[in-house]
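# Structural characterization, general
What follows is each chain in one-letter form.
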Amino acid sequence: MARLRSSTNFEFARVCPRIIFLLFFLLSSCSLAFPQNKRVLLVGISEYDINTGWKSIHGTNDIDLIKTVLKDASIRELRNSKATFGNITKELENLSKKAQKGDIVYVHLSGHGQPYEDMDGDEPDGWDESFVPYDAHFYYEESIYSGDKHLTDDILNRHFTNIRKKIGESGVLYVAIDACHAGNSYRDSEEDIYRGTGKGFSKSNKLYKVPKTHKQYYRLGNIKGCAPIVMMEACQSHQRNTEIKINEKYYGPLSYAIYKTLQSKAMDKEGIWINEIQSTMQELLPSWNRQEMVIESSFNH
């Protein structure tokens, strides 16, 4: 009996490592079977409130396109009349509440953009960048519209910081803004559709003018305890964002470049997938267009 017991112990000792390895493999496989938690907010505006003074564009086409390559994500979207200042900020607040540590969060804004007179003195050129929600007006009009519906970079940054804190250093926040924040036109014609204006929103009738810069990449500092962030913007601060026509439909060039990239690349946590977006977008633009995409990133590469 003693000899039999010894043999059994030997067999168990020999088989046990295999069992442990098998269990580890199965557990690892199970964890890989669940996709990374991706939370997405898509905002697309084609038709603005008739009282705002903004022309029609094709922002909703962008989010229709982007949705097709984000099937593994939890998606919230706002279109046209639903994409008000209040609804957009509410969805950003919800993102910061619902997001969990380690999440990938993607925010996409397609619509008009406009320079906005800086009121707190934090902009060297005197102008904030802003995304234009459905209910934001083109002009300042006393007793009618004071600018409170413009989604300025100051407002966006507060929401983005809250999201970055919530998802932590193991998460990542991507933001795509397919609008022009301001700009001069390189070519004007009825065939070209621009997303924005060179006229700044000002309460003091200040004339918008900024120096032309051509820096395409800005290194952002990391914030302890916060997720890295990548901001993708369709053009320089002084340029207009020109829509492109593909298969009889108009799209924002940044949105289409992101769509093309995500057809073959996964939205990862290291920012690798964004490396080819700039070159892809440049290939989509007509030869006469000198529009330059801008990337602001806290990644080292």
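A quick note: this is a predicted structure, and the numbers were derived from the prediction, not measured.

About the thresholds
- Here the residue index of a chain counts from 1 through its sequence in written order.
- pLDDT decides what is reported in this predicted model: residues at 70 or higher carry local features, side-chain atom pairs at 80 or more are listed and counted, and totals for whole chains, interfaces and linings draw on all residues regardless.
- Only hydrogens and water are removed before side-chain values are computed, so all heavy atoms of the structure are retained for them.
- Should DSSP find at least two bridges between two strands, the strands are regarded as paired.
- Comment: elements are numbered from the N terminus, with helices defined as DSSP H or I runs of at least four residues and strands as E runs of at least two.
- A fitted line through C-alpha atoms serves as each axis, taken over the contacting stretch for helices, and the angle formed by two N-to-C directions is quoted from 0 to 180°.
- Each residue's exposure class comes from its accessible area (1.4 Å probe, protein chains only) as a fraction of the maximum for that residue type: buried when under 20%, exposed when over 50%, partly exposed otherwise.
- For classification purposes, an angle smaller than 35 degrees is called roughly parallel, one larger than 145 roughly antiparallel, one from 65 to 115 roughly perpendicular, and anything else oblique.
- Less than a right angle of anticlockwise turn of the near helix away from the far helix marks a crossing as left-handed, whereas a clockwise turn marks it as right-handed.
- Residues are treated as being in contact if the distance between any of their heavy atoms lies within 4.5 Å.

Looking now at the sheet that holds strand S12 (residues 294-297). The strands that make up a sheet are held in pairs by hydrogen bonds between backbone atoms, and each pair lies either parallel or antiparallel. Spatially, S2-S1-S3-S7-S9-S12-S8 is the arrangement adopted by the 7 strands of the open sheet, whose pairing is mixed. Unpaired on one side and paired on the other, strand S2 (74-79) and strand S8 (217-219) mark the two borders of the sheet. Recorded for the sheet is a direction-independent mean angle of 10° between the axes of neighbouring strands. Bridge analysis of strand S1 (residues 38-44) against S2 gives 6 bridges, and the strand direction is parallel. If you follow valine 40 over to S2, its bridge partner there is isoleucine 75.

All right, on to the pairing of strand S7 (residues 172-178) then. Along S7, 7 of the 7 residues are buried, which leaves the element largely enclosed by surrounding structure. Neither face of S7 is left uncovered, since the one carrying Val172, Tyr174, Ala176 and Asp178 and the one carrying Leu173, Val175 and Ile177 both have all their residues buried. Looking at chain direction, strand S3 (residues 104-110) and S7 are connected through 7 bridges and run parallel. Each residue of the ladder has a partner; that of valine 105, found in S7, is leucine 173. By the bridge criterion, 5 bridges tie S7 to strand S9 (residues 229-233) in an arrangement that is parallel. Bridge pairing in S9 places tyrosine 174 opposite valine 230.

It is worth spelling out the packing of helix H5 (residues 253-262) against helix H6 (residues 277-284) at this point. One can describe the packing of H5 onto H6 by two numbers: an axis separation of 9 Å at closest approach and a directional angle of 125°. The angle between the axes of H5 and H6 places the two elements in the oblique class. The two elements H5 and H6 cross, and the hand of that crossing is right-handed. Every residue of H6 that contacts H5 at Pro253, Leu254, Tyr256, Ala257, Ile258, Lys260 and Thr261 is listed here: Ile277, Thr280, Met281 and Leu284.

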